[in-house]
Every structure is written in C-alpha cells, then in structure tokens.
Amino acid sequence: MNIILLGPPGAGKGTQAEMLVNARDMIQLSTGDMLREAKTSGTAMGKKVAEVMDRGELVTDEIVIGLIREKLEGDKKGGFIFDGFPRTLAQADALAELLDEQGETLDAVIEMQVNDDVLVSRILNRAAEAVAAGGTARADDNEESLKVRLMAYYKQTSPLIGYYHAKGQLSSVDGLGTIDAVKGEIAAVLG
Ligand code: AMP
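Residues numbered from 1 in each chain as written. Predicted model: local features only at pLDDT ≥ 70, side-chain atom pairs only at ≥ 80, totals over all residues. Heavy atoms only, no water.

Peer 1: What is the right way to look at the overall build of the protein in this model?
Peer 2: Looking only at helices and strands, the protein has 9 helices and 5 strands in total. Along the protein, from the amino end to the carboxyl end, the secondary structure elements read β-α-β-α-α-α-β-α-β-α-α-α-β-α. Over its C-alpha trace the protein gives a radius of gyration of 16 Å, about what one expects of a compact globule, namely 16 Å for 191 residues. Overall size of the protein, expressed as C-alpha extent along the three principal axes, is 40 × 40 × 30 Å. Across the 191 residues in the protein, those meeting the buried criterion constitute 41%. For the protein, the share of sequence-separated contacts (at least 6 apart) that also reach a separation of at least 24 residues comes to 73%. (Helix = DSSP H or I, 4+ residues; strand = E, 2+ residues; numbered from the N terminus. Rg over C-alpha atoms; globule rule 2.2 N^0.38 Å. Buried < 20%, exposed > 50% of the residue type's maximum accessible area, 1.4 Å probe, protein only. Contact = heavy atoms within 4.5 Å.)

Given below as structure tokens:
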C-alpha cells in the first residue's frame, strides 16, 4: 500500500508516518529529511538548497523528484508513505508516473486538517523542545520562515487537495486530536 500524508507544516505528518512504519513495516519517504541530510553532509545539492530551505521556500521540483525516484527503485517493504511530497502539482504528476513505471499504485491520500494557530504553536514548541534537550532547532522552525512555509503550503501545495479529491483518492482526518486519535482515524481510512 502506498499513501501520501498531506498537510501543512506542523500537521503531524512525520509523527504519523513513524507510527505507520512501526505498525505496517512501511517505508517513510520524507523529502524534508532527505534534504536536511544532504545539507548536513554538505553535498553539492545540500549546499544548493540550504538557503532556500532556511527561508522556508520550496526547492525545485527537479531536485525532489530525483530524490524520490532513487528511493522508489529500492526495497518496497509494506509500501511507501510519502511525507512532505508531493508539494506541487508537477510533483504529483511526476509521482503518478514514477509509481506507474514501478508497477505500483497510489492507494490513499490522507489530508491532515489543522488550523494555523495550532501549527505555529506546535512548530515553535518543537524548536523550544529541541533546544531544551541540548540540541539545535531546525533552521526553518522560526516565526519568519514559518510564515513563508505556510504561504508556500497554501499557494503551491493546497491545490493538491482539490486535485486528489477530483481523482477520488482523498480522505481527510482531523489533525487536531491526540496522536492516538489521529492514528486511529488514519487506520480507519487504510482499513
Ligand atoms: P519539511 O521537513 O517537509 O517541512 O521540509 C522542509 C523544507 O524542505 C521545506 O520547507 C522545503 O524547503 C524543502 N522541501 C521538502 N520537501 C519538499 C518538496 N516536496 N518540494 C519542495 N521543497 C521541499
């Protein structure tokens, strides 16, 4: 089973993806994690995307599609969870093609609904917790980048909701509940 978790930054996509990895032996494909890894390891691509990411803007479709293409060719285990990808209509079309090439299907698109106030406080909390634990916050977990990330979501990513709805693939869950409640709603969608 291959699924997309769709929602704004702070909706809980990463948290729920992790649970699905444990419960269903699925593979989490987070383009954000892949890009942060490239940034940390200082690859040419990592250097190229660093500033764009820190500002909160989207990196090019070409880069993220390339990252996903590589992963789809590997082990498929219990299926893929696309977390933070696709984020544009061009990426959604590319994903459909890539899955098709692999003889795979997209089984569900789960939209995690939350309101902006919650997103901002969740993300600023995540930053504070990282610092309290002796680490560093994500470079884009600050109010300024967050505004840009939210705008990128509404402008470039939210059209995917209509797109997948029209294709009959969209299910929506209430992302405001407890982690367990959201997990239950997602399990109900996946059956
Ligand atoms: P995330 O961890 O999903 O919040 O992603 C962090 C940042 O990585 C985003 O703000 C973008 O700069 C970049 N990024 C992650 N996934 C994508 C994507 N699918 N398309 C474009 N940029 C992305």
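Further notes follow.
Peer 1: Help me understand the packing of aromatic side chains in this model?
Peer 2: Here a ring pair, both rings aromatic, is described through the centre-centre distance and the interplanar angle of the planes. Within this structure, the stated rule accounts for 4 aromatic pairs. Judged by centre distance (6.0 Å) and plane angle (40 degrees), the ring pair of Phe80 and Phe82 falls under tilted. Assigned by exposure class, Phe80 and Phe82 land together as buried. With a centroid separation of 5.4 Å and 75 degrees between ring planes, the pair formed by Tyr153 and Tyr154 is classed as edge-to-face. A relative accessible area of 7% means that Tyr153 is categorised as buried. The exposure class assigned to Tyr154 is partly exposed, which follows from its relative accessible area of 38%. Here the aromatic cluster, defined as three or more aromatic residues joined through ring pairs, consists of Phe80, Phe82 and Phe85. (Phe/Tyr/Trp six-rings, centres within 6.5 Å; stacked < 30°, edge-to-face > 60°.)

Peer 1: Just checking my understanding: could you explain the nonpolar core for this structure?
Peer 2: The nonpolar side chains of soluble globular proteins are, as a tendency, buried together. One finds Ile68, Leu72 and Phe82 to be the most contacted residues of the largest nonpolar core, which totals 28 residues. For this core, the element with the most residues is helix H4 (residues 61-72), which contributes 6 residues. Look past the residues within four positions of Phe82 in its chain and what remains in contact with it is Asn2, Ile3, Ile4, Leu5, Leu29, Ile68, Leu72, Leu95 and Leu99. One finds Ala17, Leu20, Ile186 and Leu190 within the second-largest nonpolar core, a separate group that totals 17 residues. (Core = buried A, V, L, I, M, F, W, Y, C linked by side-chain atoms within 4.5 Å.)

Peer 1: Please explain unusual backbone geometry as it appears in this structure.
Peer 2: Most peptide bonds adopt trans geometry, and most residues besides glycine take a negative phi value. The step from Phe85 to Pro86 runs through a cis peptide bond, and the omega angle for that step is -5 degrees. Tracing the chain through its elements places Pro86 in the loop between strand S3 (80-83) and helix H5 (89-101). Look at Lys77: it is not a glycine, yet its phi comes out positive at around 40 degrees. Along the polypeptide, Lys77 turns up in the loop between H4 and S3. Accessibility expressed as a relative area gives 52% for Lys77, which makes it exposed.

Peer 1: Please explain H4 as it appears in this structure.
Peer 2: The α-helix advances 3.6 residues per turn, and as a result positions three or four apart in sequence lie on the same side. Its 12 residues give H4 an end-to-end C-alpha distance of 16 Å, which sits within 8% of 16 Å, the value for a rise of 1.5 Å per residue. Taken residue by residue, H4 has Ile63, Val64, Ile65, Leu67, Ile68 and Leu72 as its buried positions. Elements that come into contact with the buried residues of H4 comprise strand S2 (27-30), helix H2 (31-41), helix H3 (44-55), S3 and H5. (Expected span 1.5 Å × (residues − 1).)

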